[in-house]
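# Structural overview for review
Spelled out, the chains give:
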Amino acid sequence: MDDAHLSAATDYIDHGSDTYTFLKDPVVDALVEVVIELGSQAWITRRRLLVLERVMAASGILASEAIETYVPTAEDAAAWRAERDKMMRSVYAALARRPTAGAEAAERAKTPDAPKKPPRNSAPAGERAIAKGASGI
Amino acid sequence: MVDIDRGSNGRTPRLRSLDLESQQDFIRGFREWMVTDMDSEIRVHSEDLLRRHGVPAEQAGDVDVLRKVFEPDPLIASRLRVWITNQRQMWAGLADQFGRHRAHYLAELAAFDAKGPGSVELDPDLVIPDYCRHEIHIQPGGYVGDEFSGVMYHYGTNSFYMGQNDSDEFHIMLAKRAARPADGKVSKVVDLGCGIGQLSIALKEQFPEAEVLGLDVAGPMLRYAHKRAVELNLDVRFQQRLAEDTRLESGSVDLACAYILFHEVPATAARDICVEVFRILRPGGVFDITDFATGAQKAAAPPFATFRSWADHQYNGERWREEFCNSDFVALLNSVGFDATLQPSKSAWMSPNYIARKPG
């Protein structure tokens, strides 16, 4: 893939939505985020189990005893630890966030001197070249 | 998360990981619960709050009064918190997927850039106004500042369209109900602020003999729009242009559409766009607009809806929403020469429909 095809050739105004505080204490905001993220993680897992059970049943595999008695290999254990740590970061990241003035960020984004960020997922400015017309891009 | 081809839902490829699909499914489920169960309680609660604070009925549409009463309330503050959290989780899940498999998704876009039918014409010299650079719906990077804004927007709006997105069902409905010129002649159609081109595509299907153009300021959205049109074998021309400067010939267009465009632009641009559309439409041509309620209709909204509209502006990157909603859009359309009317919404839950005809 040639990054010269990139088309996000502009910067953007960051609204700072990660800093919004709605409740009396930013830590309470963080706790609400944690609770919702946990709900999300629980549903992701439950939905995967529903799929898994349906696939196993359709394949004629009697799964329940095998699942209950399975002993993880060393590789399994390492991979699952990594998954668990990723889940910890995903669920609890909000608790580690510094309380900042979110309303200020939202207000700042509406002003002419709003802070701008470079394009996301883009190439360095010097590498961008976009030609006009379907054949050139 | 595993990244594999998992087939399609209707016209749309399934997300390439079961976990991400499930995360987005949770987000949709949570949003639906929030806007039904939670909001029905809050509507009652908000009316009660206004009564307890002694707010007279004539002040119940004043957003400054509503903010003083609603913002300190724990239930309403929680509603704002969970809404923004839900929104942020949605974008975070998608951004993670597309960011980690950046090469794959960029290659997929590039593979379609020069294919037909139809075309995508980007303009590297286009001066993108600052008013377009906001993170609309707090989508990271907004529409112009992320190479993946098109695909992000498409999957991110699944929770908004509630099952009417995968096969462009909602946009097809809009196109079927699009206003026609009185003489019925539709040979050139322009979709302004077309974004990922769902309405442009639907208009081409509705008017197969017509030339259909989709214009937007955001290059990444247009690239994705073109990819989808090619996949559906539809001949649509997507061009990176401003709606207020289409560079189209005067009197050359039969039907112009703008779906949820105007609340994303400041009042000055809104006026410029109306003037430009009046110029490019032929006499008898029609401008079909779906957007938020303005003027007296907006003023008649229940108090919590008025507050929610302000919150959308304040926290959800809808920088120009309040300015638009507090205007009188029918009056603006009429002031530039149109014969404009406000029509009922084309769907049970969508915004109203403005029809503006160029006399001829």
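Quick caveat, the model's predicted, so the values are computed rather than measured. For every chain, the first residue of the written sequence is number 1, and numbering continues from 1 along that sequence. Chain letters start at A and ligand numbers start at 1, both assigned in the order the entries are written. It should be noted that, the model being predicted, local features are given only for residues of pLDDT at least 70 and side-chain atom pairs only at 80 or more, the latter also being counted only at that level, while totals for whole chains, interfaces and linings use all residues.

## Structural notes on the overall build of chain B
Put simply, the rule is: In DSSP terms, a helix is any run of H or I states spanning at least four residues, a strand is any run of E spanning at least two, and both are numbered starting from the N terminus. To get the radius of gyration, use the C-alpha atoms; to get the globule rule, take the number of residues to the power 0.38 and multiply by 2.2 Å. Residues are called buried when their C-beta atom has 20 or more other C-beta atoms within 10 Å, exposed when it has 12 or fewer, and partly exposed otherwise; all C-beta atoms are positioned from the backbone. We call two residues in contact if the C-beta atoms placed from their backbones are at most 7 Å apart.
The helix and strand tally for chain B stands at 14 helices and 10 strands. In terms of C-alpha radius of gyration, chain B reaches 21 Å, essentially the compact-globule figure of 21 Å for 360 residues. Dimensions of chain B, computed from C-alpha atoms along their principal axes, come out at roughly 60 × 55 × 35 Å. Within chain B, the proportion of its 360 residues that are buried is 51%. Residue pairs in contact within chain B that sit at least 24 positions apart in sequence constitute 73% of those at least 6 positions apart.

## So, the confidence of the model for chain A
Heads up, the condition is: Confidence of the predictor in every single residue is expressed as pLDDT, which spans 0 to 100.
Of all residues in chain A, 72% attain a pLDDT of 70 or more, and the chain-wide mean is 75. At the low end of the mean pLDDT range in chain A sits helix H4 (residues 102-108) of chain A, at 69; at the high end sits helix H1 (residues 26-58) of chain A, at 90.

## Points about the interface of chain A and chain B
Quick reminder of the rule: Each residue gets one label: Ala, Val, Leu, Ile, Met, Phe, Trp, Tyr, Cys and Pro are nonpolar, Asp, Glu, Lys and Arg are charged, and the others, such as Gly, are polar.
Every contact between the two is made by 43 residues of chain A and, on the other side, 50 residues of chain B. Going through the elements one at a time, strand S1 (12-13) and H1 of chain A are the ones with two or more residues in the side of chain A that touches chain B. For the side of chain A that touches chain B, the leading source of residues is H1 of chain A, giving 12 residues. Among the residues forming the side of chain A that touches chain B, the class breakdown is 20 nonpolar, 11 polar and 12 charged.

## With respect to the domain arrangement of chain B
Where interface size is given, it is often the accessible area lost as the parts come together that is meant. Residues and elements named next belong to chain B. The following threshold applies: Residue ranges for the domains trace back to a domain assignment, done automatically or taken from a database.
For chain B, the assigned domains read domain 1 (15-112) and domain 2 (130-304 + 318-357). Each of domain 1 and domain 2 has a C-alpha centre, and the two are 23 Å apart. A class-by-class count of the residues in the side of domain 1 that touches domain 2 yields 15 nonpolar, four polar and five charged.

## Re the sheet that holds strand S7 (residues 253-259) of chain B
By definition, the strands of a sheet pair up through backbone hydrogen bonds, in either a parallel or an antiparallel sense. Residue and element names in this part refer to chain B. Rule in force here: Strands qualify as paired when DSSP identifies two bridges or more between them. An axis is simply a line fitted to the C-alpha atoms; with a helix, the fit covers only the stretch in contact. Between two such axes, the angle follows the N-to-C directions and lies from 0 to 180 degrees.
Strands sit in the order S3-S6-S5-S4-S7-S8-S10-S9 across an open sheet of eight strands; the sheet is mixed. Of all strands in the sheet, those with a lone pairing partner are strand S3 (119-121) and strand S9 (339-343), marking the two edges. The mean inter-strand angle of the sheet, taken between neighbouring strand axes irrespective of direction, is 15°. Both strand S8 (residues 281-290) and strand S10 (residues 353-357) contribute to a ladder of five bridges, which runs antiparallel. Residue pairing across strands places threonine 290 opposite asparagine 353, the latter belonging to S10. In the packing of helix H9 (residues 219-231) onto the sheet, contacts are made with S3, strand S5 (211-216) and strand S6 (236-240), and the angle to S6 comes to roughly 170°.

## Here we look at unusual backbone geometry
The phi angle of most residues is negative, glycine excepted, and most peptide bonds adopt the trans form. Residues and elements named next belong to chain B. Following glycine 116, the chain continues into proline 117 via a peptide bond in cis, with omega recorded as 5°. When you line up the elements, proline 117 lands in the loop between helix H4 (102-113) and S3. The backbone of asparagine 233 shows a phi angle near 60°, a positive value even though the residue is not glycine. Here asparagine 233 shows up in the loop between H9 and S6. Phi is positive for arginine 247, which is not a glycine, with a value near 60°. Take arginine 247: it is sitting in the loop between S6 and S7.

## Focus: the packing of H1 of chain A against helix H3 (residues 74-100) of chain B
For any two helices packed against each other, one specifies the crossing angle of their axes together with the interaxial distance. Operational definition: Throughout, the term roughly parallel applies to angles under 35 degrees, roughly antiparallel to angles over 145, roughly perpendicular to angles from 65 to 115, and oblique to all others. Rotating anticlockwise by less than a right angle from the far helix to the near helix defines a left-handed crossing, while the corresponding clockwise rotation defines a right-handed one.
Running from N to C, H1 of chain A and H3 of chain B point in directions that differ by 50°, and their axes come no closer than 10 Å. Relative to H3 of chain B, H1 of chain A is oriented oblique. Along this stretch, H1 of chain A crosses H3 of chain B, giving a crossing that reads as right-handed. Between H1 of chain A, through Asp29, Val32, Glu33, Ile36, Glu37 and Ser40 of chain A, and H3 of chain B, the contact on the second element is made entirely by Ser78, Arg81, Val82, Thr85, Asn86 and Gln89 of chain B. Residue classes in the contact of H1 of chain A with H3 of chain B are distributed as three nonpolar, five polar and four charged.

## Quick word on the packing of H3 of chain B against helix H5 (residues 149-156) of chain B
Residue and element names in this part refer to chain B. Closest axis-to-axis distance for the H3/H5 pair is 10 Å, and the angle between their directions is 135°. It follows that H3 is oblique to H5 by the angle criterion. In this structure, the crossing between H3 and H5 has a hand that is right-handed. On H5, the residues touching Met90, Trp91, Leu94, Ala95 and Phe98 of H3 are Val151, Met152, Tyr155 and Gly156. When its residues are assigned to classes, the contact of H3 with H5 shows eight nonpolar, one polar and no charged.

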